[in-house]
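# Topology and contacts: notes
What follows is the residue order along each chain.
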Amino acid sequence: MAELNILEFPDPRLKVMAKTVESFDAALKKLVADMTETMYSANGIGLAATQVNVHKRLLVLDVSENHDQPCVYINPQILDRSGEQISEEGCLSVPGIYANVKRAENVTVKAQDADGNFFEERLEGLHAVCVQHEMDHLIGRLFVDYLSPLRRNMVKKKLEKQRKTAAQEAAEHLVI
Ligand code: NI
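What this report covers is the structure whose coordinates are included nearby. Sequence order as written defines the numbering, with residues in each chain counted from 1. Totals for whole chains, interfaces and linings use every residue, but because this is a predicted model, local features are given only for residues with pLDDT of at least 70 and side-chain atom pairs only at 80 or more, for both listing and counting. Side-chain metrics rest on all non-hydrogen atoms present in the structure, leaving aside hydrogens and water.

## Brief notes about the overall build of the protein chain
- Numbering of helices and strands runs from the N terminus, with a helix taken as a DSSP run of H or I at least four residues long and a strand as a DSSP run of E at least two residues long. Looking only at helices and strands, the protein chain features 3 helices and 7 strands.
- What you see for the protein chain is a C-alpha radius of gyration of 17 Å, in line with the 16 Å of a compact globule of 176 residues.
- Structurally, the protein chain occupies a C-alpha span of about 50 × 40 × 30 Å along its principal axes.
- Residues count as neighbours in contact if any of their non-hydrogen atoms are within 4.5 Å of one another. In the protein chain, the share of contacts with a sequence separation of at least 24, taken over all contacts with a separation of at least 6, comes to 65%.
- Surface accessibility of the protein chain: about 9,900 Å² in total, with carbon and sulfur atoms responsible for 52%.
- Charged residues are defined narrowly, with Lys and Arg counted positive, Asp and Glu counted negative, and His plus the chain ends left uncounted. By convention, charge coordinates are those of NZ in Lys, CZ in Arg, CG in Asp, or CD in Glu. For the protein chain, the distance from the average site of its 21 positive side-chain charges to the average site of its 26 negative ones is 10 Å. Computation of the radius of gyration draws on C-alpha atoms, with the globule rule given as 2.2 Å multiplied by the number of residues to the power 0.38. Shrake-Rupley sampling with a 1.4 Å probe provides the accessible areas, and residues are treated as covered by the protein chains on show and by no other component.

## Some points on the sheet that holds strand β2 (residues 58–61)
- Two strands qualify as a pair provided DSSP detects at least 2 bridges between them. Spatially, β1-β2-β3-β6-β7 is the arrangement adopted by the 5 strands of the open sheet, whose pairing is antiparallel. The open sheet terminates on both sides in strands that have one partner only, identified here as β1 (46–48) and β7 (118–124). Strand-to-strand, the axes of this sheet are offset by a mean angle of 40°, without reference to chain direction.
- As paired strands, β2 and strand β3 (residues 71–82) are joined by 4 bridges and run antiparallel to one another. In the sheet register, L61 faces β3, and the bridge partner there is C71.
- Only the contacting stretch of a helix is used when fitting its axis, a line to C-alpha atoms as for every element, and angles between N-to-C directions run 0 to 180 degrees. Seen against the sheet, helix α1 (residues 26–41) touches β1, β2 and β3 and runs at an angle of roughly 40° to β2.

## Re the pattern of salt bridges
- Salt bridges are identified by distance alone: a Lys or Arg side-chain nitrogen within 4 Å of an Asp or Glu carboxyl oxygen. A complete count under the given rule lists 9 salt bridges for this structure.
- Between K30 and D34 there is a salt bridge, with the nearest N and O atoms lying 2.7 Å from each other. With K30 and D34 both in helix α1 and 4 residues apart, this pair spans about one turn of that helix.
- Its relative accessible area of 46% is what places K30 among the partly exposed residues.
- Between E89 and R103 there is a salt bridge; the shortest N-O distance is 2.8 Å. One end of the pair, E89, is in strand β4 (residues 85–89); the other, R103, is in strand β5 (residues 99–103), and 14 residues separate them in sequence. Just as E89 is buried, R103 falls in that class too.
- One network of salt bridges, in which partners are shared, links E89, R103, D136 and R141. Accessibility here uses a 1.4 Å probe with only protein chains present; expressed as a share of the type maximum, an area under 20% marks a residue as buried, one over 50% as exposed, and anything in between as partly exposed.

As structure tokens, this is what we get:
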């Protein structure tokens, strides 16, 4: 397994529309394993292929308390949504930024597993939020896109500042 590089906002590659997965081969299984490892090592609860610059309709997540129940959704589709919930979201591609986002409370998702088998699930709460957030990535949408242009611009500036500070600190220290 290998850890993958996660793209960060405002990288234009995060805007690319993902394509349907057609071959359920060994390369796909390796991608699923690598994405799962990358998600765990970054302390995330979900990761979409778009975030690792692979533009295929595929996402991994683990919303379990002990982080020991990884799930994969390939070619996911939302068949039905109901209710509303607002929760604070963050994103591995927008580090250190959190904002309230309104999503459906319940979603029925149809997807395929790594062998290509179809399954259908009715999700609620955090699991439903996570699938909706990751599916947004697959169509090039980030949670900050739900914010006003003014707030989104503030997020952009804050991230630029964070990166500059990190680069400066690395330059001033011996980073091995
Ligand atoms: Ni995200």
